[in-house]
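So the chains spell out like this:
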Amino acid sequence: MDLRIFTEPQQGATYDTLLTVAKATEDLGFDAFFRSDHYLKMGSGDGLPGPTDAWITLAGLARETKRIRLGTLMTAGTFRLPGVLAVQVAQVDQMSGGRIELGLGAGWFEEEHKAYGIPFPKERFARLEEQLAIVTGLWDTPVGRTFSYDGSYYQLTDSPALPKPAQGRVPVLIGGHGAVRTPRLAARHADEFNIPFASVQDSERQFTRVREAAEQAGRKGGDLVYSSALVACVGKDDAEVARRAAVIGREVEELKANGLAGSPAEVVDKIGRYAEIGASRIYLQCLDLSDLDHLELISSQVQSQLS
């Protein structure tokens, strides 16, 4: 079971804070550092000092880390043209020595689009389908050949399809709760399927849908990595769990029901239930980025038991 650290910088984080967390992620033996792709805070809090751009952040971290994988859950398809995104991700992959992964979604948070003047089209999922075809098509085009695409929303003519990622093709993550279109899209384009903030039962149903869609698309269901994203709130005792829950504005019982909360033993047990349904990777949503002791506790008393 791989454990990855997943951050939400739009809630308030500087690049230096993210760098500190990413270096701790590496030093403590976690598999990867991922971040969201948002420009506006959600819920309570002031969001200060303001948002950081996902791919600018990852470019910086690519040069200041050595081992961990780096990526997004999820890059918003509404924020970037697919050809430009393919160039950006390939360049950051080169900067990292081949450690980048691209989570790509349709985009959903209308308020942040209004706040920063970003168009918010109605047909976002259909656009996402074309974006995935273009980004992967550009990377898969052999050097010396060109790539063209004539879609309903995007047209590319004789693109040189450069630059190429260092690892040849960046792993693509697709995720979500949709029962029909999302599994089909993952079956066509994804290396990994991620379901965020879902129960064991709901996750199992969605994993089954994706496996079936993969088989129908001519792939083996086991060709994809299956992963979950869950909020983490771990403490060495009840008081520490309660303190950490209060800091992020959540109730302990709610976190235990919907996330990975409690003692290390409780969290190991719950991760085991996700492993039983086929998840081999967990993204730990860490909301208090100043609490590096939290990461150390998870590393020493949760991750150590999983490995």
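Residues numbered from 1 in each chain as written. Predicted model: local features only at pLDDT ≥ 70, side-chain atom pairs only at ≥ 80, totals over all residues. Heavy atoms only, no water.

A word on the pairing of strand S12 (residues 281–285). Here S12 lies mainly inside the structure; five of its five residues are buried. In S12, alternate side chains face the same way, and those of Arg281, Tyr283 and Gln285 on one face and Ile282 and Leu284 on the other are all buried. Inspection of the sheet shows strand S1 (residues 2–7) paired to S12 by five bridges, in the parallel sense. Each residue of the ladder has a partner; that of arginine 4, found in S12, is tyrosine 283. Across five bridges, strand S10 (residues 225–234) lies against S12 in parallel orientation. Bridge pairing in S12 links valine 231 to glutamine 285. (Buried < 20%, exposed > 50% of the residue type's maximum accessible area, 1.4 Å probe, protein only. Helix = DSSP H or I, 4+ residues; strand = E, 2+ residues; numbered from the N terminus. Pairing = 2+ DSSP bridges.)

Ranked by internal contacts, the top residues of the largest apolar core, which has 72 residues, are Trp55, Leu102, Trp139 and Leu284. In this structure, Phe6, Ala32, Ala229 and Tyr283 belong to the second largest nonpolar core, which totals seven residues. (Core = buried A, V, L, I, M, F, W, Y, C linked by side-chain atoms within 4.5 Å.)

Looking now at the environment of valine 89. With respect to the helices, strands and loops of the structure, valine 89 is situated in helix H3 (residues 82–96). The spacing of valine 89 and leucine 102 is 13 residues in sequence and 7.5 Å in space, taken between C-alpha atoms. In contact with valine 89, other than residues within four places in its own chain, are Trp55, Ile100, Leu102, Trp139 and Val170. (Contact = heavy atoms within 4.5 Å.)

This part covers the packing of aromatic side chains. Note on aromatic pairs: each is described by the distance of the centres and the angle between the planes. With the rule as written, the count across this model stands at seven aromatic pairs. Considering the side-chain rings of phenylalanine 193 and phenylalanine 207, the 6.4 Å spacing of their centres and the 85° angle between planes classify their relative orientation as edge-to-face. Remark: phenylalanine 207 occurs in helix H7 (residues 200–216) and phenylalanine 193 occurs in strand S9 (residues 192–196); sequence separation between them is 14 residues. Here the two residues phenylalanine 193 and phenylalanine 207 agree in accessibility, since each one is buried. Here the aromatic residues Tyr39, Phe79 and Tyr116 are joined through ring pairs into a cluster of three or more. Directly above the ring of tyrosine 226 sits arginine 211, whose terminal nitrogen or CZ lies 4.5 Å from the centroid. (Phe/Tyr/Trp six-rings, centres within 6.5 Å; stacked < 30°, edge-to-face > 60°. Lys NZ or Arg CZ within 6 Å of the ring centre and 35° of its normal.)

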